[in-house]
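# Understanding the architecture of this molecule
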Amino acid sequence: MNVHDTEYMASLLEKAGYVQTRFPQEADIYLINTCAVRQKAEEKVYSLLGRLKFLKRKRPNLIIGVGGCVAQKEAERIMAKMPHVDLVFGTHQIYRLLEFIEKIREKKERICCIDFNYELEPPCDLFPIPRESSVRAYITIMQGCNNFCTYCIVPYVRGREVSRKSEQILAEAQRLIDRGVKEIILLGQNVNSYGQDRTDEISFPELLRRLDKLPGLKRLRFITSHPKDISPELIQAFGELETLCEQIHLPVQSGSDRILKRMGRKYTRSDYLRKIEALRKVCPNIAITTDLIVGFPGETDADFRQTLSLLEEVQFDAIFAFKYSDRPPAKAVSFPDKIDEKTKAERLTEVLNLQKPITEKKNKAKEGKILEVLLDTHSKRNPDQVAGRTRCNRIVNVQAGLEFIGKLVEVKTKEALPHSLRGEVVKVLG
Ligand code: SF4
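Residues numbered from 1 in each chain as written. Predicted model: local features only at pLDDT ≥ 70, side-chain atom pairs only at ≥ 80, totals over all residues. Heavy atoms only, no water.

### With respect to the environment of Pro24
- Here Pro24 lies in the loop between helix H1 (2–15) and strand S1 (29–34).
- Taking the C-alpha atoms as reference, Pro24 lies 23 Å from Ala75; in sequence the two are 51 residues apart. (Helix = DSSP H or I, 4+ residues; strand = E, 2+ residues; numbered from the N terminus.)

### Quick word on the environment of His378
- Tracing the chain through its elements places His378 in strand S13 (residues 370–378).
- For His378, a relative accessible area of 47% gives the class partly exposed.
- Apart from the residues lying within four places of it in its own chain, the contact partners of His378 are Gln385, Val386, Ala387, Leu402 and Ile405. (Buried < 20%, exposed > 50% of the residue type's maximum accessible area, 1.4 Å probe, protein only. Contact = heavy atoms within 4.5 Å.)

### Structural notes on unusual backbone geometry
- Following Ile223, the chain continues to Thr224 via a peptide bond in cis, the omega torsion being 5 degrees.
- Geometrically, the link from Pro328 to Pro329 is a cis peptide bond, its omega value of 10 degrees lying close to zero.
- The residue Pro329 is located in the loop between strand S12 (318–323) and helix H12 (341–364) in this model.
- Not every positive phi belongs to a glycine, and Gln315 is a case in point at roughly 60 degrees.
- Looking at where Gln315 falls in the secondary structure, it is placed in the loop between helix H11 (301–314) and S12.

### Concerning the packing of aromatic side chains
- Considering all chains together, one arrives at nine aromatic pairs under this definition.
- Judged by centre distance (5.2 Å) and plane angle (80 degrees), the rings of Tyr8 and Tyr95 are edge-to-face. Of this pair, Tyr8 sits in helix H1 while Tyr95 sits in the loop between strand S3 (87–89) and helix H4 (97–107), and the two are 87 residues apart along the sequence.
- Using a relative accessible area of 8% as the deciding quantity, one classes Tyr8 as buried.
- Pairing Tyr151 with Phe296 gives two aromatic rings, centres 6.4 Å apart and planes at 85 degrees, and the pair type is edge-to-face. Of this pair, Tyr151 sits in the loop between strand S6 (142–143) and helix H5 (154–158) while Phe296 sits in the loop between strand S11 (287–294) and H11, and the two are 145 residues apart along the sequence. For the pair shown, Tyr151 and Phe296 are each scored as buried.
- The rings of Tyr151, Phe296, Tyr324 and Phe335 are connected pair by pair, giving a single aromatic cluster. (Phe/Tyr/Trp six-rings, centres within 6.5 Å; stacked < 30°, edge-to-face > 60°.)

### A short note on H12
- Over its 24 residues, H12 runs 34 Å from end to end, which matches the ideal 34 Å to within 8%, given 1.5 Å per residue.
- At Gln355, H12 shows its maximal kink, close to 25 degrees; a proline, Pro357, follows between one and four residues later.
- For H12, every residue scored as buried is listed here: Thr343, Lys344, Arg347, Leu348, Val351, Gln355, Ile358, Thr359 and Asn363.
- The inward-facing, buried residues of H12 contact S11, H11, S12, strand S16 (408–416) and strand S17 (421–428). (Expected span 1.5 Å × (residues − 1). Bend = angle between axes of the 7 residues up to and from the residue.)

### Focus on the pairing of strand S5 (residues 136–140)
- Judged by how many residues are buried, S5 sits mostly within the fold: four of five residues are covered.
- Two strands pair when backbone bridges link them, and S5 and strand S8 (residues 183–187) are joined in this way by five bridges, in the parallel orientation. Across the sheet, Ala137 pairs through a bridge with Ile184, a residue of S8. (Pairing = 2+ DSSP bridges.)

Shown next, in the form of structure tokens:
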């Protein structure tokens, strides 16, 4: 979502005539889009802001702005302690970026605006220009979250759930497809509850169905889903919709019912397993990835073993595991039974060590297969290679020229590496 918000800001600025510089020290405007979901990300923001103080001293006309979740959460502190920051704008104020910059230029005043605005619909003509890749694009379908999981800061910094109008989403999708986009990724903190905050909207599975029918769209994905809101209708969509890729990210967070309850996740281990089973029934090749938190307050060794056994049982394609950290004002901050850093680090290592061979085995199973790949970038390591993603979201590198970027191809996979595949193009699909 942050990548997409950054694209949006860049689009606004480009439309107003600004150009992006390759050298940040030459910029007239320096914007930092921030993430507060983990403490480490927040620390990085302060460290960068500290360094920018020296740049501002050299170039007093430089405008420094901070947006996103840290801005939302820490506005007062940034304004009070960092006089070199000119602009602090919250997660619901992105669309006013140009207005803020103009005011700062004209009046030479600092601005801080972090109000939540639940009425706001981004204007249609401000659709972001896909920058990183012209064949893959994100669409935000909703903002915010109503779940208040006890470890999570998102509802406090992104506000309550607000779904965009489906007609706007469909129009934005069509416009992107007309520009050559082949894959659309729908974004939201909890996409499954799309539409539930409005009486005039369709459900998430129905939105998928309508997007699937758009001529020219090849692939559709979404992120992120809450396990409690995965409906039978949504599961069914994986068996029916041609463009819906065989991949889902379904954060489980813990394998222990006791910890899930303390996290306020509102599902049990067996609910989660039943949904995985149902997904695999309608879509046997579906790739399933998850998020895990280790060392949540009160997590005993027995709870942690439950998480390990869940990993063994589900056999995820990949996991994203993190050590718990306090994120005020989330409720778990006040839980008394915190786990020490050493135990958290040991548990993280154990989880990752358990998952590593599972991910490798899953990748290995793709060797020698013909897979559809959307090539969208040059390879990071090898200039003679281009890279793309399979429908199950695995990265594939192939020996091919830059003219292949943007093509949907069939690749015969030759070799599975720990985090990617290598292969050769056998057919160009379009
Ligand atoms: S559902 Fe996701 S975004 Fe919402 S509070 Fe829980 S973890 Fe945070």
